[in-house]
Structure formats: C-alpha cells, structure tokens
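# Observations on the model geometry
Residue strings, one per chain:
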Amino acid sequence: MKNFTSIVRPNLSEKNLNDSKASISVQSMGRTVFLTPDVIIFLEGEGNYTYIYTNTGKKYLVSRTLKSLAEQLNPNFMRVHKSYLVNVDYVVERLEDDRLLKLSCGKEVVVSRRKIKEITGLLDHSNLRISA
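Residues numbered from 1 in each chain as written. Predicted model: local features only at pLDDT ≥ 70, side-chain atom pairs only at ≥ 80, totals over all residues. Heavy atoms only, no water.

Below, the discussion takes up the overall build of the protein chain. Within the protein chain, the secondary structure is distributed over three helices and ten strands. Across the protein chain, helices and strands are ordered from the amino to the carboxyl terminus as α-β-β-β-β-β-α-β-β-β-β-β-α. Scored against the burial criterion, the 132 residues of the protein chain give a buried share of 35%. Residue pairs in contact within the protein chain that sit at least 24 positions apart in sequence constitute 35% of those at least 6 positions apart. (Helix = DSSP H or I, 4+ residues; strand = E, 2+ residues; numbered from the N terminus. Buried < 20%, exposed > 50% of the residue type's maximum accessible area, 1.4 Å probe, protein only. Contact = heavy atoms within 4.5 Å.)

Now the structure itself:
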C-alpha cells in the first residue's frame, strides 16, 4: 500500500494558490469568467447578492455578500458605504464635500457619513498631487 502523504502535486504551487485567490469567478451565460481586481471598478451589494462593475462596461451578479468579496480583494478597494466597495484607481473626482465619489465609468457613489474622514484621508494620502 502506498503512503499518500509522500505524493506531491507539482501543479499546485504557492504562486498558483495566491493567483487564484486574487481573481473572482463569475458565472456568465453558461461559462465561468475570472475577474482580476484591476478590471473591477466597484462592487454594489444588495443583501446576499453583489453586482460587480468592470472597466469594460459589463455588470455581473454573484450570489456572495460584499463582505466576503472584500476579504478576497486587494487593499486598493475601499468600503465607502455599507452597499459599495470602490477601487481607488478608478476614482476621478470627489464631490459635495467628499460625500460623493465620481468614478471613471461616470457612476457617482455615495460615501457614508461615518466614513468621510477615513476615505478623505486615504484618498489624500494615495493620490500624489503635482502642482505647476
């Protein structure tokens, strides 16, 4: 009888496991699409479901909570509201005393009152401003 603990699967490396964690799998028209964090503009949660908006203009619905998806994404994503998770790379403008974030797709996302100071601090720190 063989000792199964000595069998090593060569195709499962540490790198492959980390890469699979970085992408989100979505079912679309009978096929599985893997979305990497750099193509996701923002996520909108509605109960146990989440809409994922991408930079290609597509919108996907997944049956996972916003919280579970937030744990899977990189630190570029900020929870700005109980219903929104935004990719900082796609924030174009802050409006109405930082109560709204305008994204590159044209969508305006509301920032909750409790998160305004935190979001403002993060955006000021992450955006390098060059003055002429």
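On we go.
It is worth spelling out the packing of aromatic side chains at this point. The geometry of an aromatic ring pair comes down to the distance between the two centres and the angle between the two planes. Across all of its chains, the model carries two aromatic pairs by this definition. Ring centres 4.3 Å apart and planes at 10° place the aromatic pair Phe42 and Tyr53 in the stacked group. In this pair, Phe42 is assigned in strand 3 (residues 40–46) and Tyr53 in strand 4 (residues 49–54), connecting sequence segments eleven residues apart. Since its relative accessible area comes to 1%, Phe42 is described here as buried. (Phe/Tyr/Trp six-rings, centres within 6.5 Å; stacked < 30°, edge-to-face > 60°.)

Position of Val33 relative to the elements: it lies in strand 2 (residues 31–35). Each C-alpha atom of the pair Val33 and Ser23 lies 9.6 Å from the other, and the pair is ten residues apart in sequence. Filtering out sequence-adjacent residues up to four positions away, Val33 remains in contact with Ile24, Ser25, Val26, Ser28 and Tyr60.

All right, on to the side chain of Ser28 then. On the secondary structure map, Ser28 appears in strand 1 (residues 24–28). Look past the residues within four positions of Ser28 in its chain and what remains in contact with it is Val33 and Tyr60.

Ordered by their spatial adjacency, three strands build an open sheet running 8-9-10, and the pairing between neighbours is antiparallel. Strand pairing shows two members of the sheet lacking a second neighbour, strand 8 (91–95) and strand 10 (108–110), which therefore form its edges. Here the strands of the sheet are splayed against their neighbours by 30° on average, with no regard to which way each runs. Here strand 8 runs beside strand 9 (residues 100–103); their pairing, made up of four bridges, is antiparallel. When the sheet's bridge partners are listed, Leu95 is paired in strand 9 with Leu100. (Pairing = 2+ DSSP bridges. Axes fitted to C-alpha atoms, helices over the stretch in contact; angles between N-to-C directions.)

Below, the discussion takes up the confidence of the model for the protein chain. Mean pLDDT over the protein chain stands at 80; residues scoring 70 or higher make up 78%. Ignoring residues within four places in sequence, the model shows residues 128–132, a span with pLDDT below 50, making two contacts including any to other chains. (pLDDT = per-residue confidence, 0-100.)

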